[in-house]
Amino acid sequence: SQQGEEDPQALSIQEGENATMNCSYKTSINNLQWYRQNSGRGLVHLILIRSNEREKHSGRLRVTLDTSKKSSSLLITASRAADTASYFCATVGGNQFYFGTGTSLTVIP
Amino acid sequence: EAGVAQSPRYKIIEKRQSVAFWCNPISGHATLYWYQQILGQGPKLLIQFQNNGVVDDSQLPKDRFSAERLKGVDSTLKIQPAKLEDSAVYLCASSLGSGFGVQPQHFGDGTRLSIL
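Residues numbered from 1 in each chain as written. Chains lettered and ligands numbered in written order. Predicted model: local features only at pLDDT ≥ 70, side-chain atom pairs only at ≥ 80, totals over all residues. Heavy atoms only, no water.

Residue Pro 8 of chain A follows Asp 7 of chain A across a cis peptide bond; omega there is 0°. In this fold, Pro 8 of chain A is placed in the loop between strand S1 (5–7) and strand S2 (10–14). Of note, the amide linkage connecting Ser 7 of chain B to Pro 8 of chain B takes the cis form, showing an omega dihedral of -10°. When you line up the elements, Pro 8 of chain B lands in the loop between strand S1 (5–7) and strand S2 (10–13). One non-glycine residue, Lys 70 of chain A, lies in the positive phi region at around 55°. Take Lys 70 of chain A: it is sitting in the loop between strand S7 (61–66) and strand S8 (71–76). Of note, Ala 78 of chain A is a non-glycine position whose phi angle comes to about 45°, a positive value. With respect to the helices and strands, the residue Ala 78 of chain A is situated in the loop between S8 and strand S9 (85–93). Taking relative accessible area as the criterion, Ala 78 of chain A reaches 38% and is therefore assigned partly exposed. (Helix = DSSP H or I, 4+ residues; strand = E, 2+ residues; numbered from the N terminus. Buried < 20%, exposed > 50% of the residue type's maximum accessible area, 1.4 Å probe, protein only.)

What follows covers the sheet that holds S8 of chain A. Residue and element names in this part refer to chain A. Taken together, five strands build an open sheet; the order of strands is S1-S3-S8-S7-S6 and the sheet is antiparallel. A single partner strand is all that each edge strand has here, and the edge strands are S1 and strand S6 (55–58). Neighbour-to-neighbour, the strand axes of the sheet open up by a mean angle of 20°, direction not taken into account. As defined by bridge partners, S1 adjoins strand S3 (residues 19–24) across three bridges and the pair is classed as antiparallel. Pairing of Glu 5 across the sheet is with Ser 24, part of S3. (Pairing = 2+ DSSP bridges. Axes fitted to C-alpha atoms, helices over the stretch in contact; angles between N-to-C directions.)

Right, let's talk about the state of the cysteines for a bit. Residues and elements named next belong to chain A. Counting across every chain of the model gives two disulfides over all chains. Covalent S-S linkage joins Cys 23 and Cys 89, the inter-sulfur distance amounting to 2.0 Å. Between Cys 23 and Cys 89 the sulfur-sulfur dihedral comes to about 65°; the bridge is accordingly right-handed. Separated by 66 residues along the polypeptide, Cys 23 in strand S3 and Cys 89 in strand S9 bring together distant segments of the chain. Of the two residues, Cys 23 and Cys 89, neither departs from the other in class, the shared state being buried. (Disulfide = S-S within 2.5 Å.)

It is worth spelling out the sheet that holds strand S8 (residues 75–79) of chain B at this point. All names here are of chain B. Sheet architecture is open: four strands sit in the order S1-S3-S8-S7, paired in antiparallel fashion. Across the chains shown, the open sheet's two edge strands, defined by having one partner strand only, are S1 and strand S7 (65–69). Going from strand to strand, the sheet's axes swing by 15° on average, the running direction of each strand aside. Relative to S8, S7 is paired through five bridges, and the arrangement is antiparallel. Across the sheet, the residue bridging to Ser 66 is Lys 78, located in S8.

In this complex, chain B contributes 21 residues to the contact, which on the side of chain A involves 20 residues. Of the roughly 1500 Å² buried where chain B meets chain A, counting both sides, 50% is carbon and sulfur surface. The interface formed by chain B and chain A holds one salt bridge in total. Close ionic contact of Asp 109 of chain B with Arg 41 of chain A constitutes a salt bridge, the shortest N to O distance being 3.0 Å. (Contact = heavy atoms within 4.5 Å. Buried area = accessible area lost by both parts, 1.4 Å probe. Salt bridge = Lys/Arg side-chain N within 4 Å of Asp/Glu carboxyl O.)

With that settled, the discussion passes to the pattern of salt bridges. Residues and elements named next belong to chain A. In total, this model carries six salt bridges over all chains according to the counting rule given. We note a salt bridge from Arg 60 to Asp 83, for which the minimum N-O separation is 2.9 Å. Residue Arg 60 is found in the loop between S6 and S7, and its partner Asp 83 is found in the loop between S8 and S9; the two are separated by 23 residues along the sequence.

Set out below in structure tokens:
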């Protein structure tokens, strides 16, 4: 399976701290996407990084991609209570689209 | 712009009954997806439509699940008969354009299905 796996499964930090979550996958990809899901809601697209890119920024988000290690990381800087959610990576390869297992982030005010 | 609309938000049925979910994608979005999300897991793609044609349904349990997209706009997903393991949230998403996975997907809030 190409499904990504996030690490850690759960993360709890204080407001203002940085949060880092990782995604590992198994086969070659065209791009990798990160999504956020608040409890009881649908997923919201955060950022897309192509296989030929190594790093991408969007506001307080920084995503890195290492295709040689088949891994990606999402860094949220200066976290806020509103960042509390589950975060999923999604890998796109060929005609396959797989979501990972998710990291549950809790930001304590 | 209006988001992806799904109904109902919640549904409770007994096993072996049938159920249907409805999705209205964002206007102009050619691609529509149905996902199943079991509690504590990531969404699993069930079926992808490009306009009103099926692009991928490899993970759709075709003996009990069916889906259609009428006139390339609204879509319905049906389960008949339902099993206990079908308890999950069913998410609909849409994206602009035809390139697979190159456009962000926009999700509805899903239908939470409970099977008794």
